[in-house]
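Chain residues, written in single-letter form:
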Amino acid sequence: MSLTARNALIALGITIVLTGTVVYTINYLNRARVAELSAIGDKLSIDILSLDTQFSLLTAAPCDSIASSTTLISELADMGTRLAYAESQLGSDNAQVLRLKDQYSLLEIRDYLITKQLATACGTKPPVMVLYFYSNAGDCADCDRAGYALSYLRDTYPKLRVYSFDYNLDLGALKTLIAVTKVKNTLPAFVINGKPSYGFTSLTDLEKQFPKGALATTTPKL
Amino acid sequence: MSPEMFAYPFLFIAIFVESFILVTILSKPARDARARGPATVLPTVAIIVPCWNEMTTLAATCESLLALDYPKEKLEIILVDDGSTDATPTIMQSFAQHPQVRVILKENGGKHTALNAGIASTEAELIGCLDADSFVEPDALREIVTCFIDEQVAATTAAMSVHRPKNMLQHMQNAEYTFGISLRHSFSSVNGIYVTPGPFSFYRRSVVNELGGFRYGHQTEDMEMALRIQQAGHKIDNAPRARVYTKTPETLFKLIKQRTRWTSGFLRNIFGEYRGLIGSQRHGALGMLVLPSAVLSIGSSILLFSLVLFKLTRHASAAINIRAGIPLSYAMTPHGSFDWFYFPTSAYLFLGAATLLASFTLIAIGKRISRTPGNLTFGIASYALLYAFIAPIWLISATSDVVRGKRRGWRY
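Remember, it's a predicted structure, so these values are computed and weren't measured experimentally.

Procedures and definitions
Residues numbered from 1 in each chain as written. Chains lettered and ligands numbered in written order. Predicted model: local features only at pLDDT ≥ 70, side-chain atom pairs only at ≥ 80, totals over all residues. Helix = DSSP H or I, 4+ residues; strand = E, 2+ residues; numbered from the N terminus. Buried ≥ 20, exposed ≤ 12 C-beta atoms within 10 Å, placed from the backbone. Contact = placed C-beta atoms within 7 Å. Rg over C-alpha atoms; globule rule 2.2 N^0.38 Å. Nonpolar A, V, L, I, M, F, W, Y, C, P; charged D, E, K, R; others polar. Core = buried A, V, L, I, M, F, W, Y, C linked by C-beta atoms within 7 Å. Pairing = 2+ DSSP bridges. Axes fitted to C-alpha atoms, helices over the stretch in contact; angles between N-to-C directions. pLDDT = per-residue confidence, 0-100. Parallel < 35°, antiparallel > 145°, perpendicular 65-115°, else oblique. Left-handed = near helix turned anticlockwise from the far one by under 90°. Arc of directions from axis to C-beta.

(A) Representation of the overall build of chain A within the structure. Across its full length, chain A carries seven helices and four strands. Taken from the N to the C terminus, the helices and strands of chain A come in the order α-α-α-α-β-α-β-α-β-β-α. When the 222 residues of chain A are sorted by exposure, 28% land in the buried category. The long-range fraction of contacts in chain A, counting pairs at least 24 apart against all pairs at least 6 apart in sequence, stands at 72%.

Below is the structure:
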């Protein structure tokens, strides 16, 4: 065998091994990511149960639970970001992603309801709550912009509660929420303190839809 | 199908070629070449310096040639002025009194005619060329001459580096030239060299006579001569420790112009008179591997560059679009946590990184085997940052020139 042929065969072997290693590493990382998604799923299940329990406890002592009920919102944002990334990597039709989105949406609805109930029961002013409905089916050109603008508002005004829902998700509770809030399939859609609105043009226009003073940054009194 | 799928075969081939280069450098013929001692029998040598308006660098080039460690009676330096319009002839005359130096003045006819005028004026056994913007180490000629002990060797190339790189672009070229040292050293072991560059390449006189001197070669007379030598069945060797330093373009415009000329010259030669070499089993590694991969690398670089540009543009456009109207203080700040969960797992990215890593390895090997002094860290960083984005520009420009039949001037 000539030197060229021998070296070419060795080089081919190295290339195949290297490519195989790359494929293995990618699969390994994806498996680890899926495992983390499972952990998120478990966490979501526990959080849903926890909220259910809180919901029941409220009937006895509604105002004692205010502090604990508000801690979930930052976790929700983090889970939402992870889910969105997983969806972009694994595809929006991935079974695990869909199951997690169902759980996530349930948790959001639960949190939304308990926050409203706490405010009513305790006679306090409820936080500004935004229900945001989007679609990943390619039929919502402004959804990415609307989502980013809401992230900005949520990060800038910590009192603001944003709940995001995939309008096309096949989940009974979500369909009921859509029916109750009377949100039409014109996306992006927002329900700000119970009042629906549609479309996204700019951050300024979106801010105008919030109640007066709702987006003021509050400084605690010393 | 994702556009990335088109990139995978090319990335696979790129890794294969780089692996081949590495394996060949480690194989016995290359090891033997590196272990060669100095030649004991020293043939007569003539070094031709073709000049056209080289007044700024010519004197330093001549000084470096006169400092070569070689018996004076066996070395002649032929300065050929190819119709310069600046002070080049005057500088030449200042060296004319030196017994080793001869000056030839002629009308402008192109570099190949200057080289042929020099060849016609000497009877030396070995003919060397040195561009008038290049400078040699004192021991470089002895390293070169050693290669000609093998009677089958018709030509030998040196180890080129950039002379005193100043800006980032020149540091990038320095890393690229050092990569070239590994490349030539590896390919010489399987007789796969297809260009004998202007800076310090040498030819056996008898072979030059047999082949009939230099030709225009689509402005790449060094490549045309190397391809003609290969076509005739001769061997081209490499002296990895024969160090030569050359001036390189300092601006992007000049670099693209120079490389467009080189690449279009390659394409015109290889798809013209020498197309028979591609895929030729008789020419071994050159025909079956080196030339096909060189042609393929042009196409794949253009494709990968277009792909990256497309993706970058799409991402940038989407990022700008969703941030429109959001305060810059928020839009320009990264959000989210640095978590492995978000680590991108794309085969495209991993294979690209492997290709780049192999390139760095070959640059480091090139520096080591040539014993080139200096630090290449900045050069490697510049290469990593710039090369993949700049090289496709001249590849596209050259391919476009060849397709449209456009010819450009010589000077960069």
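(B) A look at the overall build of chain B. What chain B contains, in helices and strands, is 14 helices and eight strands. In terms of C-alpha radius of gyration, chain B reaches 23 Å, essentially the compact-globule figure of 22 Å for 412 residues. Taken along its principal axes, the extent of the C-alpha atoms in chain B is 75 × 45 × 40 Å. Every one of the 412 residues in chain B was classed for burial, and the buried ones make up 46%. Of the contacts formed within chain B by residues at least 6 apart in sequence, a portion of 84% connects residues at least 24 apart.

(C) Expanded view of the interface of chain B and chain A. Listed per partner, the contact involves 28 residues of chain B and 31 residues of chain A. Only α1 (7-26), α11 (284-323) and α13 (347-370) of chain B provide two or more residues apiece to the side of chain B that touches chain A. Sort the elements by how many residues they give to the side of chain B that touches chain A and α1(B) lands first, with seven residues. For the side of chain B that touches chain A, the per-class residue count stands at 19 nonpolar, eight polar and one charged.

(D) Structural detail: the nonpolar core. Grouped together as the largest cluster of nonpolar side chains are 113 residues, with contacts concentrated most on I48(B), V49(B) and A226(B). A total of 11 residues in this core trace back to one element, the largest contributor, which is α1(B). Not counting residues within four places of it along the chain, the set of residues in contact with I48(B) comprises I78(B), V80(B), L115(B), G118(B), I119(B), I127(B), G128(B) and C129(B). Counting 27 residues, the second-largest nonpolar core is a separate cluster that includes C140(A), C143(A), L150(A) and L174(A).

(E) Highlighting the sheet that holds strand β8 (residues 235-246) of chain B. Residues and elements named next belong to chain B. Within the open sheet, the eight strands sit side by side as β3-β2-β1-β4-β7-β6-β8-β5. Their pairing is mixed. In the strand order of this sheet, the two ends are held by β3 (101-106) and β5 (134-136), each with one partner. This sheet shows a mean twist of 30° between the axes of neighbouring strands, independent of strand direction. Alignment of strand β2 (residues 75-82) against β3, held across six bridges, turns out to be parallel. Note on β3: the bridge partner recorded for D82 is K106. Packing against the sheet, helix α4 (residues 88-96) makes contact with β1 (45-51), β2 and β3, and its axis sits at approximately 155° to β3.

(F) Main features of the confidence of the model for chain B. Across chain B, pLDDT averages 93, with 98% of residues at or above 70. Across the assembled chains, the prediction reports ipTM 0.88 with pTM 0.84.

(G) Expanded view of the sheet that holds strand β3 (residues 189-192) of chain A. All names here are of chain A. What the four strands build is an open sheet, ordered β2-β1-β3-β4; its pairing is mixed. Looking at which strands have only one partner, the edges of the open sheet turn out to be β2 (161-166) and β4 (195-198). Each strand axis lies, on average, 20° off the axis of its neighbour in the sheet, ignoring direction. Bridge analysis of strand β1 (residues 129-134) against β2 gives six bridges, and the strand direction is parallel. Of the residues in β2, the one forming a bridge with Y132 is S164. In the packing of helix α4 (residues 95-122) onto the sheet, contacts are made with β1 and β2, and the angle to β2 comes to roughly 145°.

(H) How the structure looks around the packing of α1(B) against α11(B). Residue and element names in this part refer to chain B. Contact geometry of α1 with α11 gives a least axis separation of 10 Å together with a crossing angle of 135°. Taken together, the axes of α1 and α11 are oblique relative to one another. At the point where α1 passes α11, the crossing takes the left-handed sense. Within the contact between the two elements, α1 uses A7, F10, I13, A14, V17 and F20 and α11 uses L289, S293, L296, S300, L303, L304 and L307. Among the residues forming the contact of α1 with α11, the class breakdown is 11 nonpolar, two polar and no charged.

(I) Structural detail: the environment of L309(B). Topologically, L309(B) is positioned in helix α11. Expressed as a C-alpha distance, the spacing of L309(B) and F389(B), which sit 80 residues apart in the sequence, is 9.0 Å.

(J) Layout of helix α6 (residues 172-181) of chain A. Residues and elements named next belong to chain A. Along α6, the residues classified as buried are L174, L177 and I178. For α6, the buried positions fall inside an angular range of 100° around the axis, keeping them on one side. With respect to the buried face of α6, the exposed residues turned more than 90 degrees away are G172, K175, T176, A179 and V180. The secondary structure elements touched by the buried residues of α6 are α4 and β2. Trailing α6 by a residue or two, K182 shows a phi angle of about 60°, which is positive.

(K) Highlighting the packing of helix α10 (residues 252-270) of chain B against helix α14 (residues 377-404) of chain B. Residues and elements named next belong to chain B. Here α10 crosses α14 at 50°, and the two axes come no closer than 8 Å. As judged from the angle between their axes, α10 and α14 are oblique. For the pair α10 and α14, the sense of crossing is right-handed. The segment α10 lies against α14, with L252, I256, R259, T260, T263, S264, L267 and R268 engaging I390, I393, W394, L395, S397, A398, T399, D401 and V402. Of the residues contributing to the contact of α10 with α14, the split by class is nine nonpolar, five polar and three charged.

(L) Inspection of the environment of G272(B) at higher detail. Residue and element names in this part refer to chain B. Along the chain, G272 turns up in the loop between α10 and α11. Judged by local crowding, G272 falls into the partly exposed class, with 13 C-beta atoms found within 10 Å. Once the C-alpha coordinates of G272 and A324 are considered, the two residues, 52 residues apart in sequence, prove to be 53 Å apart.

(M) Region of the structure containing the pairing of strand β7 (residues 201-204) of chain B. Residues and elements named next belong to chain B. The side-chain alternation of β7 yields two buried faces, one formed by S201 and Y203 and the other by F202 and R204. Pairing of strand β4 (residues 126-129) with β7 involves four bridges; the strand directions are antiparallel. What sits directly across from I127, in β7, is Y203. Looking at chain direction, strand β6 (residues 153-162) and β7 are connected through two bridges and run antiparallel. From the neighbouring strand, T156 faces β7, where its bridge partner is F202.

(N) Representation of unusual backbone geometry within the structure. The linkage connecting L187(A) with the following residue, P188(A), adopts the cis geometry, with an omega of 0°. At N193(A), a residue that is not glycine, the phi angle is positive and equals roughly 50°. Along the polypeptide, N193(A) turns up in the loop between β3 and β4. Assessed through the 14 C-beta atoms surrounding it within 10 Å, N193(A) is described here as partly exposed. If you check the backbone angles, N53(B) has positive phi at about 55° while not being a glycine. Here N53(B) is to be found in the loop between β1 and α3 (58-66).

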